[in-house]
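The residues making up each chain are set out below.
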Amino acid sequence: MYSIFVASALLQTQSGQLPTLQVVGNKINITIAGKKQSVNANDDPGKEKSTDHVAYRRDDKWAVWDTKRGLTVRDGDKVLSTKLGDIAVSPRAFTRDEILKNLDSFQSKKRLKDSDSLSGSMRIGTKCYFLPRWTGKDGKTWLEALVVVDLAEPTPKPKFLGRFKGFSTASKNIDDKLFVVKDQLAVVSKQGDTWGLSNFDDGTTSFDFNPLGSNLISYFRGGYFLETTSYGTNIVGQIDLASGVRKNLFETRSKAVELADGSTLAVVRNRDNTVIKNLKTGGQVTHGANAYVAPVDNYVLVWTKDARTTAWLYEPNRWTALATAAN
């Protein structure tokens, strides 16, 4: 095992210590300002781990979503669990013809009446909002419904508020695509080839949609989005949802572009290399096609696994390598 450290005095941490790396077996050990942490070199950080539940509490009242039971409302010893199947046949959600088609698809097993996932949730005051998702046998979302549980009510229970325009880009069993824009509950959604901001006005209980672009692949917290073009490229950009002002950051022919909620990094995978871009500065660094990338504090850890594991720790504003190590 060996380690090589490359940095200038200007890149030292506040403690005066340079970050260090060690690769021991499958563990990459990082020490930053005296604090030690480890990363398993066998884990792919690009595969986000989904939580199995989300919970909101007020005194002895709870509103909980979990992957097995769906939405559970607990008030002391009283417990109600539901997967909200009634919404799938509600006249408030569908026309009569649509309900008949839904019933046919339930019978043919192309769809299930019960929701299977959660696209997002959040609490505003005593109100807990949930956006359950229904996924068809083809893997596509066919229904998302906004539901509220008010924990201030004497007997809280789920209430169906309506449907956002279009569908979110949620894909995890429990996702986080619900947020607030201009004091209104909102989600970035797709309607056909058009995508935009869909919001809910709690005062008027109405839904609205503001188009922002086309051919959305996914939207990420921080305002970053990934679109595809009609001529076969992908565009990564950033948008201010409040004003609708957007800018394209870069375009690539790669079909493998990785972004994450809250991250300012984009990982672009090509046949022969992996390009890691800082979306704030536009700077980038290139590694082998099999590179793994993970943020560590204010730094970026990159490693490859060939005959041996080699790791680099970068300061991402200038992509200066502070440390590198291999086993």
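The structure under discussion appears in the preceding block.
Let us look at the structure shown here. None of the values given here were measured: they were computed from a predicted structure.

Here the focus is the nonpolar core. Of all hydrophobic cores here, the largest spans 25 residues; its most connected members are Trp65, Ile87, Phe130, Trp134, Trp142, Leu143 and Val149. Of all the elements in the fold, those that place two or more residues in this core are strand 5 (53–58), strand 6 (61–66), strand 7 (70–75), helix 1 (96–107), strand 10 (127–135), strand 11 (141–144) and strand 12 (146–150). Of all the elements, strand 10 adds the most residues to this core, at three residues. Once residues lying within four places of it in the same chain are set aside, the contact partners of valine 149 are Ala63, Leu71, Val73, Thr126, Lys127, Cys128, Phe130, Pro156, Lys157 and Pro158. Ranked by size, the runner-up nonpolar core spans 17 residues in total, among them Ile28, Leu301, Leu322 and Ala325.

Right, let's get into the side chain of threonine 169. Assignment of secondary structure puts threonine 169 in the loop between strand 14 (167–168) and strand 15 (179–181). The buried category is assigned to threonine 169, whose relative accessible area is 12%. In terms of polar contacts, threonine 169 uses its side chain to reach the side chain of serine 218, at 3.3 Å. Those residues in contact with threonine 169 that lie beyond four places of it in its chain are Lys177, Val188, Lys190, Leu216, Ile217, Ser218 and Tyr219.

Inspection of the secondary structure assignment puts valine 148 in strand 12. Look at valine 148 and you get buried, because its relative accessible area is 9%. The spacing of valine 148 and lysine 159 is 11 residues in sequence and 5.3 Å in space, taken between C-alpha atoms. Apart from the residues lying within four places of it in its own chain, the contact partners of valine 148 are Lys127, Cys128, Tyr129, Lys157, Pro158, Lys159 and Leu161.

Turning next to the pattern of salt bridges. For the structure shown, the criterion picks out six salt bridges. A salt bridge links lysine 159 to glutamate 153; the nearest nitrogen and oxygen atoms lie 2.9 Å apart. With relative accessibility at 37%, the residue lysine 159 sits in the partly exposed group. For arginine 221, the salt bridge is made with aspartate 176, and the minimal N-O distance between the two is 3.1 Å.

So, on to helix 1. Owing to its 3.6 residues per turn, the α-helix aligns residues three or four sequence positions apart on the same side. For helix 1, with 12 residues, the first-to-last C-alpha span of 17 Å sits near the 16 Å given by 1.5 Å per residue. Taken as a whole, helix 1 has its buried residues at Ile99, Asn102, Ser105 and Phe106. The buried residues of helix 1 occupy one face: seen down the axis, they fall within an arc of 120°. Away from the buried face of helix 1 by more than 90 degrees, exposed residues Arg96, Asp97, Lys101, Asp104 and Gln107 are located. Its buried side turned inward, helix 1 meets strand 11.

Let us now look at the side chain of glutamate 227. Along the chain, glutamate 227 falls in strand 20 (residues 224–228). One polar contact links glutamate 227 to tryptophan 195, side chain to side chain, over a distance of 2.7 Å. A polar contact is formed between the side chain of glutamate 227 and the side chain of arginine 246, at a distance of 2.9 Å. With sequence-adjacent residues up to four places away left out, glutamate 227 is seen in contact with Trp195, Gly213, Ser214, Asn215, Leu216, Ile217, Thr233, Asn234, Ile235 and Arg246.

Rules used throughout
- Residues numbered from 1 in each chain as written.
- Predicted model: local features only at pLDDT ≥ 70, side-chain atom pairs only at ≥ 80, totals over all residues.
- Heavy atoms only, no water.
- Core = buried A, V, L, I, M, F, W, Y, C linked by side-chain atoms within 4.5 Å.
- Buried < 20%, exposed > 50% of the residue type's maximum accessible area, 1.4 Å probe, protein only.
- Helix = DSSP H or I, 4+ residues; strand = E, 2+ residues; numbered from the N terminus.
- Contact = heavy atoms within 4.5 Å.
- Polar contact = N/O pair within 3.5 Å; in protein donor to acceptor, adjacent residues only side chain to side chain.
- Salt bridge = Lys/Arg side-chain N within 4 Å of Asp/Glu carboxyl O.
- Expected span 1.5 Å × (residues − 1).
- Arc of directions from axis to C-beta.

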